[in-house]
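# Report on the structure
Listed below, chain by chain, are the residues.
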Amino acid sequence: MYDRVILGIDPGLAHTGWGIISQSGPRLACLAYGCVETCAGQDLPERLKKIYQQIDAVVTRFKPSFAAVETVWFGQNISAGILTSQARGAAIVACAMNGLKVEEYTPNEIKLAVVGEGMAEKEQVQYMVKKLLGLQAPPKPDHAADALAAAICFTTHYSVLNGKESRK
């Protein structure tokens, strides 16, 4: 049996979702979730600073050992992808400064781990996050649900063998 606390992050410049889960053997539980919101009118450095500071505060409060961060999908809007990448970097630095092991997963890997289908719809992910974590309702906003899904994905990719963490 093993116990661990995992931080999931769904990065975005306007909304960076975060979720904290605990794992005790095969059991998962939601400890907390939320969203860092920044204003479009603020300077980019101030927005990135806010993301860093609030993720740092979450890590300080819940003391996870691991972080699961969703990668960026650029699609057709490269400018938005670059901004999301910068927000993602601020969140990853907050994790690294606190000594967390950071793993990165694509949106399809996260959907596959949570729903069983890499092309699952957002509503399916929210439903399964609710079910897997025993929540009364799907987490809101959806960025927080996506962050919890990233944390759940971590549990399917990492195991404990002989007391040591290893990637599956």
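Predicted, not measured: the structure shown is a model, and the values here were computed from it.

Reading the values: rules and limits
- Residues numbered from 1 in each chain as written.
- Predicted model: local features only at pLDDT ≥ 70, side-chain atom pairs only at ≥ 80, totals over all residues.
- Heavy atoms only, no water.
- Helix = DSSP H or I, 4+ residues; strand = E, 2+ residues; numbered from the N terminus.
- Expected span 1.5 Å × (residues − 1).
- Contact = heavy atoms within 4.5 Å.
- Core = buried A, V, L, I, M, F, W, Y, C linked by side-chain atoms within 4.5 Å.
- Buried < 20%, exposed > 50% of the residue type's maximum accessible area, 1.4 Å probe, protein only.

Look at helix H2 (residues 78-97): 28 Å from first C-alpha to last across 20 residues, which is about the 28 Å you get at 1.5 Å a residue. Buried residues belonging to H2 abut strand E1 (3-10), strand E2 (15-24), helix H1 (44-62), strand E4 (66-70) and strand E5 (101-105). Positive backbone phi, approximately 80°, marks Gly99, located one or two places after H2.

What follows concerns the nonpolar core. The biggest cluster of nonpolar side chains holds 22 residues, and the ones touching the most others in it are Leu7, Ile9, Trp18, Ile20, Ile51, Ile55 and Cys95. Counting only elements with at least two residues in this core, the list comes to E1, E2, strand E3 (27-37), H1, E4 and H2. Looking at this core element by element, the count peaks at six residues for H1. If you look at the next biggest cluster of nonpolar residues, it comprises 18 residues, including Val129, Leu148, Ala151 and Cys153.

Let us now look at the environment of Arg88. Position of Arg88 relative to the elements: it lies in helix H2. Spatially, the C-alpha atoms of Arg88 and Val72 are 8.2 Å apart, while their sequence positions differ by 16 residues. Those residues within four positions of Arg88 in sequence are excluded, and the remaining contacts are Pro11, Val69, Glu70, Thr71, Val72 and Glu104.

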